[in-house]
Amino acid sequence: MSFETINSKVVRAHVSASTPVLARRGAMLGYSGQVTFRPVHGQGRGIGGMVGAAMSGESNAMMATEGTGQVLYGYKGLHVTVLELDGGAPLVCEADRLLAHDANLQTSVQFLGSGGMKQAISGAMTGQGLFTTNVHGRGSVAVLSHGGAFPLQLNGQQVGVDPQAYVGHVGHVGQLSVDLAAKVGFRDVVGRGSGEAFQLRISGHGTVYVQASEQKF
């Protein structure tokens, strides 16, 4: 494990020649040792592996941390949750949730859902991206949230999650499906609805991470 939790909003990365780190630009709070920082240019198949990210808009400016030492990361006072990937199912989340991760992990962009134009409109209205980021491999990932993230364990059942509270999910052998459902009636149009007209319906086997807030970044 290359990440150490300092408090709810700061993590320490232990960087070495074999464990470089990729982090969101502007997230470095302090460091010790012989470490260097360089911007990661382009979103190709190299370090970071953000294939198609520029086209989808599912990307953030990243920096690589290399050398030997310890680095503190945090971002705008947001809560940080460290997840450990075991090389099986990927972590699926929006790119702006990523604070830092081991550089050996690979990222790719995936289209979320298959609802056509109706789903595209729903996604735009909720702020839930139509494209999402997959982080796969073996290593540590630090994700951001408002108020902290808590896990929901699914064992074949379905749950509904507010799209703005959704942080990400890890399916057991990829056995999780996500659909964006819209329930818009007259009361929602005139502003008298429940305020929960859109939901992410998640079903299968795996873990869903939800933040303690509906506030977007």
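Residues numbered from 1 in each chain as written. Predicted model: local features only at pLDDT ≥ 70, side-chain atom pairs only at ≥ 80, totals over all residues. Heavy atoms only, no water.

Things to note about the side chain of Arg24
Now for step 1: Within the secondary structure, Arg24 is located in strand S3 (residues 21-24).
Now for step 2: Apart from residues lying up to four places away in sequence, Arg24 is in contact with Asn60, Ala61, Met62, Met63, Tyr75, Asp96, Leu98, Leu99 and Leu144. (Helix = DSSP H or I, 4+ residues; strand = E, 2+ residues; numbered from the N terminus. Contact = heavy atoms within 4.5 Å.)

As for the confidence of the model for the chain
Now for step 1: In the predicted model, the chain carries a mean pLDDT of 79, and 71% of its residues have values of at least 70.
Now for step 2: Under a pLDDT of 50 for its full length, residues 184-195 has, in the predicted model, 10 contacts with residues more than four places off or in other chains. (pLDDT = per-residue confidence, 0-100.)

Digging into the packing of aromatic side chains
Now for step 1: Per the stated rule, a full pass over the model turns up 1 aromatic pair.
Now for step 2: Ring geometry for Tyr31 and Phe37: centres 5.3 Å apart, planes at 70°, overall edge-to-face.
Now for step 3: The exposure class of Phe37 is partly exposed, given its relative accessible area of 30%. (Phe/Tyr/Trp six-rings, centres within 6.5 Å; stacked < 30°, edge-to-face > 60°. Buried < 20%, exposed > 50% of the residue type's maximum accessible area, 1.4 Å probe, protein only.)

Notes on the pattern of salt bridges
Now for step 1: Considering all chains together, one arrives at 2 salt bridges under this definition.
Now for step 2: Between Glu4 and Arg12 there is a salt bridge whose closest N-O contact spans 3.1 Å.
Now for step 3: Note on Glu4: relative accessible area 32%, which makes it partly exposed.
Now for step 4: Assessed through its relative accessible area of 23%, Arg12 is described here as partly exposed.
Now for step 5: Its salt-bridge partner being Arg38, residue Glu66 comes within 3.1 Å of it at the nearest N-O pair. Taken as a pair, Glu66 in strand S5 (residues 62-73) and Arg38 in strand S4 (residues 28-39) lie far apart in primary sequence, 28 residues in all. (Salt bridge = Lys/Arg side-chain N within 4 Å of Asp/Glu carboxyl O.)

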